[in-house]
Amino acid sequence: MDFRFQLPKPLDGPLIELTLEEMETILIRNVGDAGKDPRQALWQLAQFYKVQKQHEKALERLRQLMVLLPDVESKAQCVFTMGQAMEQVGDYAAAVRYYKEAFALEPSKTFTWYFIHNNLGFSLNTLGRFAKGEDYCREAIKIDPNRPNAHKNLGIALAGQGQYREAAQAFI
């Protein structure tokens, strides 16, 4: 086995720092410059707005993106991201609506399917709907038992229902 490791060359030139306004301007320009296929540029701009907690702007860009997406998997990921944006502002009822919309698309990739179930369970737990949250968490665990998120959320659902002993065993 011939393994070689080499450090990449350091970048030449000065580091350029951008303000948030400058970054937003560049990302908006990228959408305009993308021509007939602005999907990647819209996704980047939506993610920028989400990280900056400008959720209405993020949702607006994600809605624009939805009509351009070619397949169910991409659409489900986009709607899932809308749910995440609502979680960030504490609007768990809206997050549940978006996650249920993504759920209805029935994406086939394990990663997407797992996180739709997990985040739906988490949001329902946050709304105090622990029994329903439990159902989604258990399904997420069936989809991918090696991820910790749904195990934690299942424990919260069980504890919320007063099932402390079973909640403790869920973590063992």
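A. Representation of the pattern of salt bridges within the structure. Per the counting criterion, the structure on display carries six salt bridges. The residue Glu24 makes a salt bridge to Lys57 at a minimum N-O spacing of 3.4 Å. Residue Glu24 is located in helix 1 (residues 20-33), and its partner Lys57 is located in helix 3 (residues 55-66); the two are separated by 33 residues in the primary sequence. Linking Asp135 and Lys132 is a salt bridge whose minimum nitrogen-to-oxygen distance equals 4.0 Å. Placement of both Asp135 and Lys132 in helix 7 (residues 130-143) is noted, with a separation of three residues, approximately one turn of the helix. In this structure Asp135 comes out as partly exposed when scored by relative accessible area, which is 42%.

B. Quick look at the environment of Ile116. Within the secondary structure, Ile116 sits in helix 6 (residues 110-126). The spatial distance from the C-alpha of Ile116 to the C-alpha of Ala140 is 8.2 Å, given a sequence separation of 24 residues.

C. Helix 1, seen in detail. The terminal C-alpha atoms of helix 1, which comprises 14 residues, lie 20 Å apart, in line with the 20 Å expected from a rise of 1.5 Å per residue. Considered for burial, the residues of helix 1 that qualify are Glu24, Leu27 and Val31. Buried positions in helix 1, seen along its axis, are confined to an arc of 65° and lie on one side of it. The exposed set on the far side of helix 1, more than 90 degrees from its buried face, consists of Gly32 and Asp33.

About the cut-offs
- Along each chain, residues carry numbers from 1 onward, in the same order as the chain's sequence is written.
- Local features in this predicted model are restricted to residues of pLDDT 70 or higher, and side-chain atom pairs are both shown and tallied only at a pLDDT of 80 or more, whereas totals for entire chains, interfaces and linings draw on every residue.
- Hydrogens and water molecules were not included; the side-chain quantities draw on all heavy atoms of the structure.
- Criterion for a salt bridge: a side-chain nitrogen of Lys or Arg within 4 Å of a carboxyl oxygen of Asp or Glu.
- Comment: elements are numbered from the N terminus, with helices defined as DSSP H or I runs of at least four residues and strands as E runs of at least two.
- Relative accessibility decides the category of a residue: with a 1.4 Å probe and only protein chains considered, values under 20% of the type maximum give buried, values over 50% give exposed, and everything between is partly exposed.
- To estimate how far a helix should reach, multiply one less than its number of residues by 1.5 Å.
- In this description, the arc belongs to the directions extending from the helix axis to the C-beta atoms.

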